[in-house]
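Listed below are the residues making up each chain.
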Amino acid sequence: MSKYVYNFGGGTADGDGKMKDILGGKGSGLAEMSRANIPVPPGFTISTEVCNVYFQNGNKVPDEIKQQIEQALGKLESDSGKRLGDPQNPLLVSVRSGAKFSMPGMMNTILNLGLNDKSVEGLASRSGNPRFAYDSYRRFIQMFGEVAQNIGMAKFDHIFDQRKDKVKAKQDTDLTAADLQAIIAEYKKVVQKETGKPFPQDPRQQLAMAIGAVFNSWWNPKAAYYRKMEKIPDEIGTAANVQAMVFGNTGDKSATGVGFTRDPATGEKVFYGEFLVNAQGEDVVAGIRTPQPISQLRDIMPEAYSQLREITERLEKHYRDVQDFEFTIEEGKLYMLQTRNGKRTGPAAVRAAVDMVAEGLIDKKEAVLRVQPQQLDQLLHPRFDPKEISKLEPIAKGIDASPGAAVGRAVFTAEEAVEMSKGGPVILVRKETTPDDIHGMDVAKGILTAVGGKSSHAAVVARGMGRPCIVGAGSISIDERGQKFTVKSRVVKQGDWISIDGTTGAVYAGQVPTIEPDPHSGHFGKFMQWADEFCGTFGVRANADIPRDAKAARLFGAEGIGLCRTEHMFFAADRIPHMQAMILAREEKDRRKALQKLLPMQRKDFAGLFEAMDGFPVVIRTLDPPLHEFLPKREELMVDIARFPHLGGGGKKELAEKYNMKAGDLKKGLPELLKRVEELHEFNPMLGHRGCRLGITYPEITEMQARAIFEAAVQVAKKGKKVIPEVMIPLVGSEGELENQKAIVTRVAKEVLDKEKMNDLHYLVGTMIEIPRAALLADQIAQQAEFFSFGTNDLTQTTMGLSRDDYTKFSGEYQNLKIFKADPFQSIDQEGVGKLIETAIKLGRGVRNDLDIGICGEHGGDPSSVEYCYRVGMNYVSCSPYRVPIARLAAAQAAIAGADKSESMRTA
């Protein structure tokens with residue numbers, strides 16, 4: 001029979017820290033600590049495999065696994081000297097979830113299981129502390145009722161708050177044993193009313209229901225949403241950990257807390273955490289009471305504090321990573337309840353990795369592998385301008401829980417956050433967040449709560465997401481129903497702009513200006529140097545259309561421009577009239593006249609790009625979109641023609657400015673414009689007269705753009721800069737199309753370079769592979785192309801028959817049903833589109849073995865797509881400037897993985 005249940009505690013364990021797949025993160029940590037003789041309350045872990053078996057078996061634990069659970073429970077009773085349900089000396093246990101990957105607050109926990117009407121009296125008698133016993137029982141009924149019986153927590157909270165009001169108790173701890181007994185009686189009435197049954201008194205029935213509830217929580221909406229957000233596979237399941245209770249709520253000599261071996265927000269090597277005296281663990285993470293900094297534990301319980309420091313330092317050295325730990329102190333004795341690799345912000349991940357190399361804990365390669373590429377996004381965004389901040393007074397201060405600047409409109413519920421975020425940035429403002437707020441936290445730019453500490457749900461989840469977050473801003477009074485918060489005499493309503501600084505804990509009214517980050521300084525600069533060392537010859541370029549973007553790309557480490565979309569340059573106010581004149585022209589000479597006015601503007605644009613990329617290649621795509629995109633919309637024109645006869649002088653002037661005409665020309669000009677718009681109308685513009693087809697029909701367009709490119713190249717080269725132009729022809733589907741356009745480019749290049757006596761200027765002419773035919777005929781196209789660049793946006797659309805814009809209308813259902821593993825417009829569809837890509841690479845290099853190959857779609861900034869591009873033999877990826885460091889790190893990790901695989905195959 002397979003083993004499904006693993007014991008731990010008392011210096012031994014059936015498992016170890018390497019068994020995360022089976023025991024989950026929490027279970028493997030408990031096993032490893034037990035083996036290291038760290039004080040861990042004994043217990044057992046029901047493996048992650050059982051979670052899947054449970055669902056396959058109709059949401060029931062099979063009998064053979066029940067037998068193993070019963071055997072493990074018997075061992076736990078023997079080791080502890082207590083029995084589950086014993087009225088004189090009861091064993092109480094916690095039942096906690098624990099997947100391989102940390103999912104803070106997303107699944108269920110039940111504490112104090114085993115209490116009933118009889119055993120609570122035994123606990124009161126044996127402990128000599130009735131208040132502690134009845135506090136534990138009321139907590140158990142409340143947690144069990146919510147988690148295992150699906151009773152809303154608000155029903156219990158209402159009873160609890162009513163009792164506090166009645167006896168005028170300011171703190172929970174002010175309630176007496178008699179008060180708690182009265183609360184328990186009311187809680188039991190709620191259970192009877194909501195379930196139709198009395199609260200279960202059989203501890204083994206309680207345990208079976210609790211284990212089922214933990215497994216069921218794997219599929220609750222918040223857990224499913226979190227897995228989707230963090231790309232955690234659904235099939236791995238969660239373990240269930242059953243562990244003997246230790247109590248932090250027995251009085252002033254007891255406490256509970258959570259912490260990290262380094263600051264999870266900054267990565268600084270400081271002992272970081274919080275605790276509460278006379279409390280249970282849920283009080284700390286739920287934000288019900290604002291906890292004390294862990295440094296104050298040294299003054300209150302010095303011996304336990306010293307032992308905690310020694311153990312956690314040992315754990316960090318053992319795991320060679322930042323540890324996230326939970327502990328309880330019962331009557332002065334320390335117990336460790338959890339250790340796992342801690343979730344941290346991007347800045348913290350980078351700093352900890354760099355510092356640990358300096359400390360000799362890890363090497364550079366491991367440091368580069370430690371940071372998830374997406375985490376770098378948190379280091380690449382603006383922070384508040386110190387000059388502006390110095391002029392402002394915060395309207396409130398809270399605890400700095402997750403760093404960074406966020407500006408947005410205040411919203412007070414997760415649902416409103418989702419809705420309002422569609423129209424702009426929002427800041428989610430809550431008294432405290434719960435796991436049910438996860439969808440609102442996901443879309444918010446920042447999070448602000450009135451209560452809670454650095455270990456509260458809001459803080460932990462925000463850090464994992466990389467969202468700026470302030471918690472415990474006690475001076476703000478939140479009226480969720482009224483959609484506002486008040487601080488002193490100021491009222492901030494829903495929709496009002498606020499700015500929060502998660503680094504300092506300051507809250508500001510209005511929109512505070514920000515400044516750009518410096519990616520070359522400090523830990524980040526050093527870390528990225530290490531990443532680049534592992535990339536080898538694989539490069540990262542940027543998509544940039546204007547010099548400002550090109551400069552940003554270089555700042556972030558781009559090794560060239562992989563895509564310059566020339567059409568974006570034509571939409572500027574000083575250019576669109578000439579572009580429209582060219583389109584409206586019926587004769588070639590008139591088109592050339594308009595193009596001649598655009599030539600110096602294009603030349604200036606290209607010169608700026610070449611200067612910014614001194615020594616690096618610049619890929620310039622010739623005109624791609626259909627011409628009608630540069631003209632007014634047909635329906636809008638028809639409306640304006642209809643209203644024209646009824647307009648006064650002011651209205652006609654406004655219309656003339658809108659269409660770049662003289663007022664006297666409108667009567668004749670507007671109908672002519674409409675006629676041309678209708679002539680250019682296409683039923684499917686994406687597959688219509690665009691790309692190389694435009695250049696073939698109107699060769700003068702390609703000619704003007706080529707002239708602008710090479711005249712700019714000569715101009716910049718004369719300044720002593722190295723210029724590497726690469727001209728890319730879009731939407732090619734046959735060798736003949738590319739041959740036609742390449743002939744124009746090379747002819748113009750020769751004319752310009754001959755005239756300037758600069759024939760040694762090296763350039764390439766290549767193409768985008770963005771339709772399936774091009775991929776399938778890549779060997780023919782490579783006869784002409786000197787480089788390929790996969791336009792994966794259009795290649796995905798044409799391969800899958802999906803419109804990128806319309807897919808969003810049903811993408812949710814497709815992803816929920818697992819029809820697609822991921823959004824194919826965010827991560828390359830390796831099974832389908834990938835086959836075309838690999839075919840094209842193989843065919844192209846079969847003809848031209850030095851063929852330079854990259855991608856220039858948005859996929860170039862997606863880490864999994866970067867890894868794929870490296871694996872199939874591309875030379876580079878290109879992405880937006882702000883994603884360049886993410887792509888650089890993803891490339892480094894892909895190179896390391898490839899080298900490690902090759903080494904393992906060599907030594908096998």
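Let us look at the structure shown here. What you are looking at is a predicted structure, and each value in this text was computed from that prediction instead of being measured.

### What to know about the overall build of the protein chain
Helix and strand counts for the protein chain come out as 36 helices and 34 strands. Its C-alpha atoms give the protein chain a radius of gyration of 33 Å, near enough to 29 Å, the size a compact globule of 908 residues would have. For the C-alpha atoms alone, the extent of the protein chain along its principal axes is close to 105 × 75 × 55 Å. Restricting to contacts in the protein chain with at least 6 residues of sequence separation, those with at least 24 account for 68%. For the protein chain, the exposed surface amounts to about 38900 Å²; the carbon and sulfur share of it is 49%. One way to put it: in the protein chain the 119 positive side-chain charges average out to a point 2 Å from where the 119 negative ones average out.

### A few points about the sheet that holds strand β30 (residues 724-729)
Spatially, the eight strands close up into a barrel ordered β27-β28-β29-β30-β31-β32-β33-β34, and their pairing is parallel. Each adjacent strand pair in this sheet contributes to an overall mean axis angle of 25°, direction not counted. Helix-sheet contacts for helix α34 (residues 833-847) involve β32 (787-790) and β33 (852-855), and the interaxial angle to β32 is about 175°.

### Thoughts on the packing of aromatic side chains
A complete count under the given rule lists 23 aromatic pairs for this structure. Aromatic side chains Phe132 and Phe247 sit 4.9 Å apart centroid to centroid with 75° between the ring planes, which places their arrangement in the edge-to-face category. Here Phe247 lies in the loop between β8 (238-244) and β9 (255-260) and Phe132 lies in helix α5 (residues 130-147), a separation of 115 residues in the sequence. Judged by its relative accessible area of 3%, Phe132 falls in the buried class. Owing to a relative accessible area of 6%, Phe247 belongs among the buried residues under this scheme. Here the aromatic rings of Tyr807 and Phe825 are separated by 5.8 Å at their centres, their planes lie at 55°, and the arrangement is tilted. Of this pair, Tyr807 sits in helix α32 (residues 804-807) while Phe825 is found in the loop between α33 (811-816) and α34, placing the two residues 18 residues apart along the sequence. Each member of the pair, Tyr807 together with Phe825, is buried.

### Side note on the nonpolar core
Leu376, Phe606, Phe610, Phe788, Phe790, Ile837 and Met874 are the most contacted members of the largest nonpolar core, which has 134 residues in total. At eleven residues, the largest contribution of residues to this core is made by helix α27 (residues 699-717). Formed by 84 residues, the second largest nonpolar core is a distinct cluster that contains Leu76, Ala177, Leu207 and Phe215.

### So, the pairing of β33
Side chains on a regular strand alternate between the two faces of the sheet. Alternating positions in β33 separate into two faces, Asp852 and Gly854 on one and Ile853 and Ile855 on the other, with burial throughout. Here β33 runs beside strand β34 (residues 876-879); their pairing, made up of two bridges, is parallel. From the neighbouring strand, Gly854 faces β34, where its bridge partner is Tyr876. Handedness of the crossover is the feature at issue here: the chain leaves β33, passes through helix α35 (residues 863-871), returns alongside β34, and the resulting connection is right-handed.

### Some words on unusual backbone geometry
Its identity as a non-glycine residue notwithstanding, Asn37 has a phi of 60°, on the positive side. As for its placement among the helices and strands, Asn37 is situated in the loop between α1 (20-35) and β3 (43-46). Its relative accessible area of 60% is what places Asn37 among the exposed residues. You will see that Lys231, though not glycine, has its phi angle at about 60°, which is positive. Locating Lys231 in the fold gives a position in the loop between α9 (221-230) and β8.

### Re the packing of α5 against helix α8 (residues 203-216)
Between α5 and α8, the least distance of the axes is 10 Å, while the angle of their chain directions is 50°. It follows that α5 is oblique to α8 by the angle criterion. Here α5 and α8 pass one another in a crossing that is left-handed. Contacts from Phe140, Phe144 and Val147 of α5 reach α8 at Gln206, Met209, Ala210 and Ala213. Grouping the amino acids of the contact of α5 with α8 by side-chain chemistry returns six nonpolar, one polar and no charged.

### Brief notes about the packing of helix α21 (residues 576-584) against helix α22 (residues 588-612)
One way to put it is that α21 packs onto α22 with a least axis distance of 8 Å and a crossing angle of 155°. Taken together, the axes of α21 and α22 are roughly antiparallel relative to one another. Along this stretch, α21 crosses α22, giving a crossing that reads as left-handed. Contacts from His578, Met579, Ala581 and Met582 of α21 reach α22 at Arg591, Ala594, Leu595, Lys597, Leu598 and Met601. Here the contact of α21 with α22 is built from residues that sort into seven nonpolar, one polar and two charged.

### Thoughts on the environment of Arg643
Turning to its location among the elements, Arg643 is positioned in helix α23 (residues 634-643). By relative accessible area, Arg643 is classed as partly exposed at 35%. Considering only alpha carbons, one finds Arg643 and Gln375, 268 residues apart in sequence, at a separation of 54 Å. In this structure the side chain of Arg643 is engaged in a polar contact, spanning 2.7 Å, whose partner is the side chain of Asp640.

### Focus: the environment of Ala177
Summarising the element assignment, Ala177 is placed in helix α7 (residues 177-195). In this view, Ala177 contacts Pro130, Arg131 and Tyr134; residues no more than four positions away in its chain are not counted.

What counts and how
- Within each chain, residue numbers correspond to sequence positions counted from 1 in written order.
- Given that this is a predicted model, residues contribute local features only at a pLDDT of at least 70 and side-chain atom pairs are listed and counted only at 80 or more, while totals for whole chains, interfaces and linings are drawn from all residues.
- Calculation of side-chain values draws on the structure's entire complement of heavy atoms; hydrogens and water are dropped beforehand.
- Working definition: helices are DSSP H or I runs of at least four residues, strands are E runs of at least two. Numbering for both runs from the N terminus.
- The quantity called the radius of gyration is restricted to C-alpha atoms. Its globule counterpart is 2.2 Å times the number of residues to the power 0.38.
- Any two residues whose heavy atoms approach within 4.5 Å are treated as being in contact.
- Only the protein chains shown count as cover for residues, and all accessible areas are computed by the Shrake-Rupley method using a 1.4 Å probe.
- Under the convention used here, Asp and Glu are negative, Lys and Arg are positive, and both His and the chain ends fall outside the count.
- In this description, the location of a charge corresponds to atom NZ of lysine, CZ of arginine, CG of aspartate or CD of glutamate.
- One requirement defines pairing of two strands: DSSP has to find at least two bridges between them.
- Axis lines are fitted to C-alpha atoms, over the contacting stretch for helices. Their N-to-C directions set the angle, which ranges from 0 to 180 degrees.
- Each aromatic pair joins two rings of Phe, Tyr and Trp (for Trp, the six-membered one) with centres within 6.5 Å, and gets the label stacked for planes under 30 degrees apart, edge-to-face for over 60, and tilted for any other angle.
- Exposure is judged per residue with a 1.4 Å probe applied to protein chains only, and the accessible area is read against the type maximum: over 50% gives exposed, under 20% gives buried, and values in between give partly exposed.
- The criterion is simple. A nonpolar core is a set of buried Ala, Val, Leu, Ile, Met, Phe, Trp, Tyr and Cys residues joined through side-chain atoms within 4.5 Å.
- For a crossover, the right-handed case is the one in which the path from the first strand over the helix to the second runs clockwise, viewed with the strands pointing away from the viewer.
- Should an angle fall under 35 degrees it is taken as roughly parallel, and over 145 as roughly antiparallel, whereas 65 to 115 is taken as roughly perpendicular and any remaining angle as oblique.
- The handedness criterion is simple: a crossing whose near helix is rotated anticlockwise from the far helix by less than a right angle is left-handed, and one whose near helix is rotated clockwise is right-handed.
- Residues were grouped as follows: Ala, Val, Leu, Ile, Met, Phe, Trp, Tyr, Cys and Pro as nonpolar; Asp, Glu, Lys and Arg as charged; and all remaining residues, including Gly, as polar.
- Here a polar contact is recorded for every N or O atom pair within 3.5 Å, except that within protein the pair must consist of a potential hydrogen donor and a potential acceptor, and residues adjacent in sequence are included only if both atoms are side-chain atoms.

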